[in-house]
Amino acid sequence: MERTEPASPRRLEEARKKGQVPRSHELTSFSTLMVGLVAVIVTGPELYAAMKKIMVTAFSFTRAQIWQPQLMTEQLFELSRIAVIAILPVFGACAIISILTPIMIGGWLFSMEALGPNFGRMNPMSGIGRMFSPRTVIETVKTILKSGLIGGVAAWVMWQERDEFLILLSMPLEASFAMTWQMTRHTLLLVVSAMAVIAMIDVPYQLWDYYKGLRMTKEEVRQEYKESEGDPHVKGRIRQLQREAARKRMMSEIPKANVVVTNPTHYAVAIRYDQAMRAPTVVAKGSFLLAERIIEIAKDNKVTVIRTPPFARALYHHAELGEEIPTALYTATAEVLAYIYQLEVYRKEGGFEPTLNTDLPVPPELDPESKQ
């Protein structure tokens, strides 16, 4: 299948774990050479003085050094120390920029998986396949063009300065060193400029090639979505189990309710209130078959069930399970709870049987059927 979809964040993260990030060797080469050249120019006087001292000392010796070879060994170590100190700033700058440049494109990366052995690369057939792959052909063409451009620039500069090379032969040593350094610096600057052009072409290409290699097919996108988001069937089953668990918890709260108000069969809402609560709370609600089940459990546990259609409809549609009833229904709820309290007193002590006001104060905007 054709890979037409851009790489997902998950695929990019997996590639990073494997050590696959965009890199431009041309940019690293250019930046390293450029920084090295700048470091040589900045430290030029110190570097020139150190090299001059090394050359003069190396080609000079005393009578004592002839008879005591260990003195020449000591001199060699001293000259090596001077050389290292002289070139250390240049090498240090080149080392630092060679580390920082790749981070500019692909960011910092340390992958143990990339350090692990890959025995697949030891397969001769795979190696032959890589030798003749399109990527290898492109890299070969790039190398040829790069070598031709840089070599051509260097050759052109040297050809333009051919007369100066002949003059060097007749110049004093000090003056020839200065002129040689000037010609070398000029040549390196032009070569670095040519490498800058190569880097500006190579960086966009490497980014394009990296993201192109990680493209996905539509089927891979769908499969990844299933793996990350979960199979719809599994998610549906989980939601079903969650609803069943919530329903069981709700049913277990019905025996604790003070009253269940009904429509009488379309809706049923169980209300609970005690002095520790700030306001009455809905502990269970349901419609149709679930309403019938709520009423059945209430009757089995001797919870009073009363028929209050407008109030039941308003509670069902505007009171959330486990939360306090809306403020607009406080008065109607108070009348119902007062009736339940009087009914309990009547059942225990006798007297006059209380009656419930059938016209409870339910705001019309809370009763769906009052809008019809």
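Conventions adopted
- Residues numbered from 1 in each chain as written.
- Predicted model: local features only at pLDDT ≥ 70, side-chain atom pairs only at ≥ 80, totals over all residues.
- Heavy atoms only, no water.
- Patch = residues over 30% accessible without salt bridge, like charges linked within 9 Å, V, L, I, M, F, W, Y side chains within 5 Å.
- Areas by Shrake-Rupley, 256 points an atom, 1.4 Å probe, with all protein chains shown as cover.
- Salt bridge = Lys/Arg side-chain N within 4 Å of Asp/Glu carboxyl O.
- Helix = DSSP H or I, 4+ residues; strand = E, 2+ residues; numbered from the N terminus.
- Pairing = 2+ DSSP bridges.
- Axes fitted to C-alpha atoms, helices over the stretch in contact; angles between N-to-C directions.
- Contact = heavy atoms within 4.5 Å.
- Phe/Tyr/Trp six-rings, centres within 6.5 Å; stacked < 30°, edge-to-face > 60°.
- Buried < 20%, exposed > 50% of the residue type's maximum accessible area, 1.4 Å probe, protein only.
- Lys NZ or Arg CZ within 6 Å of the ring centre and 35° of its normal.
- Core = buried A, V, L, I, M, F, W, Y, C linked by side-chain atoms within 4.5 Å.

Caption draft 1: Here's a closer look at a nonpolar patch on the surface. The grouping of Ile 96, Ile 99, Leu 100, Ile 103 and Trp 108 at the surface amounts to a nonpolar patch, some 530 Å² of accessible area in total. Among the secondary structure elements, Ile 96 is positioned in helix α5 (residues 69-106).

Caption draft 2: Quick peek at the pattern of salt bridges. Considering all chains together, one arrives at 11 salt bridges under this definition. The shortest N-O distance in the salt bridge between Glu 219 and Arg 222 comes to 3.0 Å. Highlighted residues: Glu 219 and Arg 222, both in helix α11 (residues 218-229), separated by 3 residues, approximately one helical turn. A salt bridge links Glu 324 to Arg 278, with the shortest nitrogen-to-oxygen separation between them at 2.8 Å. Of the two residues, Glu 324 sits in the loop between α14 (309-318) and α15 (330-349) while Arg 278 sits in the loop between β2 (267-272) and β3 (281-287), which places them 46 residues apart along the sequence. Via salt bridges that share partners, Arg 3, Arg 11 and Glu 220 belong to a single interconnected network.

Caption draft 3: Looking closely at the sheet that holds β2. Strand order in the open sheet formed by 4 strands is β3-β2-β1-β4, and the pairing between neighbours is mixed. Strand pairing shows two members of the sheet lacking a second neighbour, β3 and β4 (304-307), which therefore form its edges. Strand-to-strand twist across the sheet, computed as the mean angle between neighbouring axes with direction ignored, equals 20°. Summarising the sheet, strand β1 (residues 259-262) and β2 pair through 4 bridges and their orientation is antiparallel. Residue pairing across strands places Val 260 opposite Ala 270, the latter belonging to β2. Helix α13 (residues 289-300) rests against β1, β2, β3 and β4 of the sheet, and its axis sits at about 130° to β3. The sheet strands contacting α15 are β1 and β4, and the helix crosses β4 at an angle near 130°.

Caption draft 4: The packing of aromatic side chains, seen in detail. Scanning the entire structure with this criterion turns up 3 aromatic pairs. With a centroid separation of 4.5 Å and an interplanar angle of 35°, the aromatic rings of Tyr 267 and Tyr 316 are classed as tilted. Pair noted here: Tyr 267 is in strand β2 and Tyr 316 is in helix α14, with a separation of 49 residues, a long-range link. Since its relative accessible area comes to 21%, Tyr 316 is described here as partly exposed. Residue placement shows Lys 285 over the ring face of Tyr 316; its charged tip is 5.2 Å from the ring centre.

Caption draft 5: Layout of the nonpolar core. If you look at the biggest cluster of nonpolar residues, it comprises 22 residues, and the most contacted ones within it are Val 259, Val 261, Phe 311, Leu 315, Leu 329, Val 336 and Val 362. For this core, the elements supplying multiple residues, two or more each, are β1, β2, α14 and α15. In terms of residue count, the dominant contributor to this core is α15 (6 residues). Those residues in contact with Phe 311, other than ones at most four positions away along the chain, are Val 261, Ile 271, Leu 329, Ala 332, Thr 333, Val 336, Leu 360 and Val 362.

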